[in-house]
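The residues making up each chain are set out below.
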Amino acid sequence: MLVAIAALLVGVLLGLLGGGGGIVTVPTLMYIAGLPPKEAVPNCLVILSVITAFSALQEWRAGRLQIKGTILFALFGTLGSLAGARISIQYIPEHHIPLLFVGTVLVAALLMIRKSMSDAPARPLNLPVSGRYALLWAVGFTAGFLGSVVGVGGGFLMVPALNLIAGYPMTIAVGTNLLIIAVNSMVGALGYKGSYPFHMELILIFVGLGIVGSLYGSRLRAKASEKTLKLAFGVFLLGMSILIIGERFFE
């Protein structure tokens, strides 16, 4: 039951914010489904790749996806995804994965809450074209790397980058990022192939219910206040971080 609820929430977050799916999926796979951290991450990547590919198709049909942006930024994201998978397999101890996950989620929570508290409209950065692309590619690589190591990092990094650096409207940034996550996650999952098992029953549950949730989330995005959503999501991330820290250090 808890797995089904989490799967629906993953889809809603992806449809609503263009990210955040891994923040629910990874701890669900670890603490409810009982997967070890280094199995949870690649299974999460497969789940996210399918759900976001479906969501991106809906965004493309609605005219809210920039294909050119996807090609340019996903290239560096896939390099980061492959690098993250290989480094995680060879050099990162399994017991460090939850700590890295919590650190990433805390940063995302603080950024989200800070943005929700600001009344000033976000302004695109005034950079030359070369600097703009260099920064976007660096963010894309970092997002892909984090996604492959901890299962999190695509949405909270790439959506603001596409909005503030590339100058895409938020609706286009969210839609474009969904396809970037799909590509990065699939490449990251392939980077883990042969090292850890993929649990197809769990993957199918998450994918099926996640797609249903994503359809609802995309509809909700058109009605809800972006400021309210960011504040609620930031508080949710803080709560998730506190629960995981408590589980790790006070069990």
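The shown structure was predicted, so the numbers you read here are calculated from the model rather than taken from an experiment.

J.: Before we move on, can you summarise the pattern of salt bridges with the specific residues and values?
T.: Evaluated as defined, the whole model comprises 1 salt bridge. When the shortest N-O distance is used, the salt bridge between Glu59 and Arg64 registers 2.8 Å.

J.: Can you explain the packing of aromatic side chains? Please cite residues and give values.
T.: Following the criterion strictly, the structure yields 3 aromatic pairs and no others. Residues Phe76 and Trp137 carry aromatic rings whose centres are separated by 4.8 Å and whose planes lie at 15 degrees to one another, so their mutual orientation is stacked. On the criterion of sequence distance, the pair formed by Phe76 in helix 4 (residues 67-91) and Trp137 in helix 6 (residues 129-150) is long-range, its members being 61 residues apart. Taking relative accessible area as the criterion, Trp137 reaches 28% and is therefore assigned partly exposed. Seen from their ring centres, Tyr133 and Trp137 are 5.7 Å apart, and the 35 degrees between their planes marks the pair as tilted. Of this pair, Tyr133 and Trp137 both sit in helix 6, 4 residues apart, roughly one helical turn. On the basis of relative accessibility, which here comes to 28%, the residue Tyr133 falls in the partly exposed class. Within the aromatic cluster, the residues linked to one another by ring pairs are Phe76, Tyr133 and Trp137.

J.: Now, about the packing of helix 1 (residues 2-17) against helix 9 (residues 200-221): what can you tell me, with residues and values included?
T.: Packed helices, taken two at a time, are described by their axes: the angle between them and the distance between them. Here helix 1 crosses helix 9 at 40 degrees, and the two axes come no closer than 6 Å. The angle between helix 1 and helix 9 falls in the class oblique. Once helix 1 is placed against helix 9, the crossing between them reads as right-handed. Here the residues of the contact of helix 1 with helix 9 sort into 15 nonpolar, 7 polar and 1 charged.

J.: I'd like to hear about the layout of surface pockets, residue by residue, with values.
T.: Over the atoms a probe the size of a water molecule is rolled, and this reveals where empty space is left. In this model, the second largest pocket occupies a volume close to 290 Å³. If you go around the second largest pocket, you meet 14 residues; those closest to its centre are Pro27, Thr28, Ile32, Met240 and Leu243. Those elements that place two or more of their residues in the lining of the second largest pocket are helix 1, helix 2 (21-32) and helix 10 (226-249). In the lining of the second largest pocket, the residues fall into 12 nonpolar, 1 polar and 1 charged.

Thresholds, definitions, all that
- Residues numbered from 1 in each chain as written.
- Predicted model: local features only at pLDDT ≥ 70, side-chain atom pairs only at ≥ 80, totals over all residues.
- Heavy atoms only, no water.
- Salt bridge = Lys/Arg side-chain N within 4 Å of Asp/Glu carboxyl O.
- Phe/Tyr/Trp six-rings, centres within 6.5 Å; stacked < 30°, edge-to-face > 60°.
- Helix = DSSP H or I, 4+ residues; strand = E, 2+ residues; numbered from the N terminus.
- Buried < 20%, exposed > 50% of the residue type's maximum accessible area, 1.4 Å probe, protein only.
- Axes fitted to C-alpha atoms, helices over the stretch in contact; angles between N-to-C directions.
- Parallel < 35°, antiparallel > 145°, perpendicular 65-115°, else oblique.
- Left-handed = near helix turned anticlockwise from the far one by under 90°.
- Nonpolar A, V, L, I, M, F, W, Y, C, P; charged D, E, K, R; others polar.
- 1 Å grid on protein atoms, 1.4 Å probe; cavity = no way out; pocket = protein on both sides within 12 Å on 5 of 7 lines; lining within 4 Å.
- Points joined across faces, edges and corners; volume = space filled by probe spheres on them.

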